[in-house]
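# Summary of the model geometry
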Amino acid sequence: MAPKRRSNLHLYFADTNLKKWGKDHATTYTARIDGKAAPSIVFFVEYFITGRSPFDTVLHHELVHAAMRDVMDPEAYAKLPRWFREGVALFAADEGERHLRSELTAREDPALLITGLKDKDLNFEAYPYAYLAFEYLEKGGGEGTVRKLTASVIGGSPPRDAVEEQTGGAWEDFEKELALYARTRILSMAQGWELHKEARTLYAQEKYEKAEPLFRDLSRKHPDSVYATTAGYFASRCQFRLKKYAEAASGLVAAAEQMRGESSFLDDALYFAGQSLF
């Protein structure tokens, strides 16, 4: 929905992530500038320099937050549940798949992402589920469903009422259907997760000679799994711990290239690749 008035959007770039912002790559808030409310976005450049996050999609995500802050009453926006605010931004920015892959690879058990819709204390682990709610709504209702839902909420409807309006059913039924959809969707991306968990356990126990072949098996048996790249990374970390530095460097550089924009292990891959070559 387009603003009815011209707005001033303020963008800031910081070279460090201050503790008050948590671990976000960017954050949007409403500032008081010259006595007027102004949506403002802070980007923490370290994440974009290293390739952890693609700037264009993060900008799009934060612009969704900024636009909603701008057209809604501040109190009404603050009352929106976190799952709605983050889910609609992930969907609109087309970055839900990236978050799914990133959060899956950071965890040993994919079931940890089946969080339900959280109104408060929404951490990164719960972002994929929030996104899947909007993906499910769009698939079920057809193209434009999320746009209609968002317009209804901006117009004053509580998110639950807006969902019921779009689905034609009760909220409780939506939650049940979403849980089944999310579980199926997440597990379809996480093939070989049991093997990945076993290998990660051995790695944590510093049993690198036993862990490395398991990571290699996972990459070979499940090349389309989200864990395939992560397995290659950990196999190379095993080589590093076993002082096979030349092999480790090659594998870590390759893993880093595949991880750009979607893995929390990217920084470590670059670091240990450098250590291997030192």
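Residues numbered from 1 in each chain as written. Predicted model: local features only at pLDDT ≥ 70, side-chain atom pairs only at ≥ 80, totals over all residues. Heavy atoms only, no water.

## Focus: a negative patch on the surface
Selection rule: Only residues whose relative accessible area exceeds 30% and that form no salt bridge enter a patch; like-charged residues are grouped when within 9 Å of one another, and nonpolar side chains (Val, Leu, Ile, Met, Phe, Trp, Tyr) when within 5 Å. Residue exposure ignores everything except the shown protein chains as possible cover, and the areas themselves are Shrake-Rupley values with a 1.4 Å probe. Any Lys or Arg side-chain nitrogen found within 4 Å of a carboxyl oxygen on Asp or Glu counts as a salt bridge. In this tally, Lys and Arg are treated as positive and Asp and Glu as negative; His is ignored, and so are the chain termini. The atom standing in for a charge is NZ when the residue is Lys, CZ when it is Arg, CG when it is Asp and CD when it is Glu. Secondary structure elements are taken from DSSP: a helix is a run of H or I of four residues or more, a strand is a run of E of two residues or more, and numbering for both begins at the N terminus. For every residue, the accessible area obtained with a 1.4 Å probe (protein chains only) is divided by the maximum for its type, and the residue is called buried under 20%, exposed over 50%, and partly exposed between those limits.
A cluster of acidic side chains, namely Glu172, Asp173, Glu175 and Glu177, defines a negative patch on the protein surface. Take Glu172: it is sitting in helix 9 (residues 171-189). For Glu172, a relative accessible area of 48% corresponds to the partly exposed category.

## Things to note about the packing of helix 5 (residues 96-105) against helix 6 (residues 127-141)
What counts, and what does not: Lines fitted to C-alpha atoms define the axes here, with helix axes fitted over just the stretch in contact, and angles between the N-to-C directions of these axes take values from 0 to 180 degrees. Definitions for this section: a left-handed crossing has its near helix turned counterclockwise from the far helix by less than a right angle. A right-handed crossing has that turn clockwise. Residue contacts follow a heavy-atom distance rule, with two residues in contact if any of their heavy atoms lie within 4.5 Å. Residue polarity follows a fixed list, in which Ala, Val, Leu, Ile, Met, Phe, Trp, Tyr, Cys and Pro are nonpolar, Asp, Glu, Lys and Arg are charged, and the others, Gly among them, are polar.
For the pair helix 5 and helix 6, the least separation of the axes is 9 Å and the interaxial angle reads 145°. For the crossing formed where helix 5 meets helix 6, the hand is left-handed. Within the contact between the two elements, helix 5 uses Gly96, Glu97, His99, Leu100 and Glu103 and helix 6 uses Tyr127, Pro128, Tyr131 and Leu132. A class-by-class count of the residues in the contact of helix 5 with helix 6 yields five nonpolar, two polar and two charged.

## Here we look at the environment of Met189
Within the secondary structure, Met189 is located in helix 9. Taking the C-alpha atoms as reference, Met189 lies 41 Å from Asn8; in sequence the two are 181 residues apart. Ignoring anything within four residues of it in the chain, the contact list for Met189 reads Glu97, Leu100, Arg101, Leu104, Ser225 and Val226.

## A word on helix 9
To keep it simple, the criterion reads: Working rule for helices: expected span equals 1.5 Å times residues minus one. Picture the helix axis, draw a direction to every C-beta atom, and the arc is the one those directions span.
Compared with an ideal rise of 1.5 Å per residue, which puts 19 residues at 27 Å, helix 9 spans 27 Å between its outermost C-alpha atoms and is within 8% of the ideal. All buried positions along helix 9 are accounted for by Trp171, Phe174, Leu178, Tyr181, Ala182, Arg185, Ile186 and Met189. Taken end-on, helix 9 shows its buried residues confined to a sector of 125°, consistent with a single buried face. Residues of helix 9 that are exposed and point more than 90 degrees away from the buried face comprise Lys176 and Leu180. Buried positions along helix 9 lie against helix 4 (82-92), helix 5, helix 6 and helix 8 (159-167).

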